[in-house]
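# Survey of secondary and tertiary structure
Below are the chains, spelled out letter by letter.
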Amino acid sequence: MANLKDIQRQIKSVSNTQKTTRAMKLVSTAKLRRAEELAKRSRLYAQKMNQVLAEIAGRIKCSKVGGLDNRCFTKVENPKMVDIVFVTADKGLCGGFNIQTIKAVNKLLKEYKAKDVKVRLRGIGKKGIEFFNYNEVEMLDSVVGLSSKPNKEKSDDFILTSIADYKDGKIDALHIVYNGYKNMITQELHVNTILPVDTEAFDCDKVQSTSMLEIEAEDEEQMLDSLVEKYINYNMYYSLIDSVAAEHSARMQAMDTATNNAKEMVKNLNVEFNKARQAAITTELIEIISGVESMK
């Protein structure tokens, strides 16, 4: 049986760990409340932005002979090069939050490799960047610090390269991969194709009958270019906001589980300590009684 001092040392160590994990859970809970509210507001704006883009693009597509000829709305059947942007956390201790995103990115990389399509990998978040650097996967560029503190200007600057290269025909698709917030206990993996914008769902009869937008013919291309850029910029920024809320949610759960495990371990160690102490007392009593008997 283990030495009493060793067991006491283990109890103290696990108790200190429990205090740390409990504190981290409380911090993540407080941060989650703020991030959750921001994510909910941002989701509404993102949905409305996507709706406006779909409505305007739908009207132009349905009213124009030959449909839309803007490259941002044209799907390339045999792409030669694509951009994959992933978002992970800068810190760990959040369960499987980061690895889910990394697995999704690896799956995309394998799919494109099988089709002989070149991929430019662009990373946001220290954990994902470290993983791909360690595995010697080439990356176009990377940013640390943006996933933990989303910033609209920095987000716009980061995604600008992909937008310009898509318009110039250097890449044929743009994907954003991240783990998003669903609720307090669930995260939802997103693999979004941002470019080209999907136009297959546009219903001309529905658009023309329900839309109240009036668009001048000479302003169509300029309006679409401006709107598409805003759409891509905000989707990039929203993915950062959604990801940080999911990160705090995942860390809160992970730290809650760690705290409960530490509590259970302390309980078991206390039982073991009591057994060891009882065994030591029993041994001492037997020795004393044996000594007394031998003196008779």
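Summary of the structure given here. This is a predicted model, so every value here is computed, not measured.

### Focus on a positive patch on the surface
Together, Lys31, Arg34, Lys91, Lys149 and Lys154 line one region of the surface with positive charge. Mapping Lys154 onto the fold places it in helix 4 (residues 152-167). With relative accessibility at 55%, the residue Lys154 sits in the exposed group.

### Quick notes on helix 4
Compared with an ideal rise of 1.5 Å per residue, which puts 16 residues at 22 Å, helix 4 spans 22 Å between its outermost C-alpha atoms and is within 8% of the ideal. In the structure, helix 4 departs most strongly from a straight axis at Ile159, where the bend amounts to approximately 35°. Capping the start of helix 4 is the job of one residue whose side-chain oxygen sits 3.1 Å from the backbone nitrogen of Glu153: Asn151.

### Remarks on the side chain of Glu247
Among the secondary structure elements, Glu247 is positioned in helix 6 (residues 220-295). Judged by relative accessible area, which is 4%, Glu247 ranks as buried. When residues no more than four places from it in sequence are discounted, the contact partners of Glu247 are Ala89, Cys94 and Phe97.

### What about the packing of helix 2 (residues 97-114) against helix 3 (residues 126-134)?
Viewed as axis vectors pointing N to C, helix 2 and helix 3 meet at an angle of 45°, and their least axial separation amounts to 10 Å. Relative to helix 3, the element helix 2 lies oblique. The two elements helix 2 and helix 3 meet at a crossing, and its hand is right-handed. Facing Asn98, Ile102, Val105, Asn106 and Leu109 of helix 2, the residues of helix 3 in contact are Lys127, Gly128, Phe131 and Phe132.

### Notes on the sheet that holds strand 3 (residues 141-143)
Taken together, 5 strands build an open sheet; the order of strands is 3-2-1-4-5 and the sheet is mixed. The open sheet terminates on both sides in strands that have one partner only, identified here as strand 3 and strand 5 (186-195). Strand-to-strand twist of the sheet, defined as the mean angle between neighbouring strand axes without regard to direction, takes the value 20°. The pairing of strand 1 (residues 81-87) with strand 2 (residues 118-124) spans 7 bridges and is parallel. For Val82, the partnering residue across the bridge sits in strand 2 and is Val119. Sheet contacts for helix 2: strand 1, strand 2, strand 4 (174-183) and strand 5; angle to strand 4, the most-contacted strand, approximately 150°. Helix-sheet contacts for helix 4 involve strand 1, strand 2, strand 3, strand 4 and strand 5, and the interaxial angle to strand 2 is about 160°.

### Observations regarding the packing of aromatic side chains
Summed over all chains, the structure comprises 4 aromatic pairs. The interplanar angle of 45° and the centroid separation of 5.2 Å between the aromatic rings of Phe86 and Phe132 together place this pair among those described as tilted. In this pair, Phe86 is assigned in strand 1 and Phe132 in helix 3, connecting sequence segments 46 residues apart. A residue is classified by how much of its surface remains accessible, and Phe86, at 0% relative accessible area, is buried. Residue class for Phe132 comes out buried when judged on its relative accessible area of 0%. Members of the aromatic cluster, joined through ring pairs, are Tyr45, Tyr234 and Tyr237. For the cation-ring pair, Arg71 lies above Tyr166, with the distance from its terminal atom to the ring centre recorded as 4.5 Å. Arg122 extends its terminal NZ or CZ atom over the ring of Phe158, reaching a point 4.2 Å from the ring centre.

### Section: the pattern of salt bridges
If you walk through the whole model with that rule in mind, you get 14 salt bridges. Arg41 is the salt-bridge partner of Glu37, the closest N and O atoms lying 3.7 Å from each other. Here Arg41 and Glu37 lie together in helix 1 (residues 4-63), a separation of 4 residues that amounts to about one turn. In this structure, Asp141 and Arg122 form a salt bridge, with 2.8 Å as the shortest nitrogen-oxygen distance. Linking Asp141 in strand 3 with Arg122 in strand 2, this pair joins segments that are 19 residues apart in sequence. On the basis of relative accessible area, Arg122 is assigned to the buried category, the value being 0%. One connected set of salt bridges, linked through shared partners, spans Asp83, Arg120, Asp165 and Lys170.

### A few points about the nonpolar core
Ranked by size, the top nonpolar core spans 45 residues in total, and within it Phe73, Val85, Ile124, Leu195, Ile232 and Met236 carry the most contacts. Taken together, the elements giving at least two residues each to this core come down to helix 1, strand 1, helix 4, strand 4, strand 5 and helix 6. It is helix 6 that provides the largest number of residues to this core, a total of 16 residues. Core analysis: the next-biggest nonpolar cluster, separate from the first, contains 16 residues, Ile102, Leu108, Leu109 and Phe132 among them.

### Let's talk about the side chain of Ser239
Structurally, Ser239 is set in helix 6. A polar atom in the side chain of Ser239 sits 2.6 Å from the backbone oxygen of Met236. Non-local contacts of Ser239, meaning those with residues more than four positions away in its chain, are made with Val87, Ile176 and Tyr178.

How each quantity is defined
Residues numbered from 1 in each chain as written. Predicted model: local features only at pLDDT ≥ 70, side-chain atom pairs only at ≥ 80, totals over all residues. Heavy atoms only, no water. Patch = residues over 30% accessible without salt bridge, like charges linked within 9 Å, V, L, I, M, F, W, Y side chains within 5 Å. Areas by Shrake-Rupley, 256 points an atom, 1.4 Å probe, with all protein chains shown as cover. Salt bridge = Lys/Arg side-chain N within 4 Å of Asp/Glu carboxyl O. Lys, Arg positive; Asp, Glu negative; His and termini not counted. Charge placed at Lys NZ, Arg CZ, Asp CG, Glu CD. Helix = DSSP H or I, 4+ residues; strand = E, 2+ residues; numbered from the N terminus. Buried < 20%, exposed > 50% of the residue type's maximum accessible area, 1.4 Å probe, protein only. Expected span 1.5 Å × (residues − 1). Bend = angle between axes of the 7 residues up to and from the residue. Polar contact = N/O pair within 3.5 Å; in protein donor to acceptor, adjacent residues only side chain to side chain. Contact = heavy atoms within 4.5 Å. Axes fitted to C-alpha atoms, helices over the stretch in contact; angles between N-to-C directions. Parallel < 35°, antiparallel > 145°, perpendicular 65-115°, else oblique. Left-handed = near helix turned anticlockwise from the far one by under 90°. Pairing = 2+ DSSP bridges. Phe/Tyr/Trp six-rings, centres within 6.5 Å; stacked < 30°, edge-to-face > 60°. Lys NZ or Arg CZ within 6 Å of the ring centre and 35° of its normal. Core = buried A, V, L, I, M, F, W, Y, C linked by side-chain atoms within 4.5 Å.

So far we have only geometry, and geometry alone does not tell us how the molecule works.
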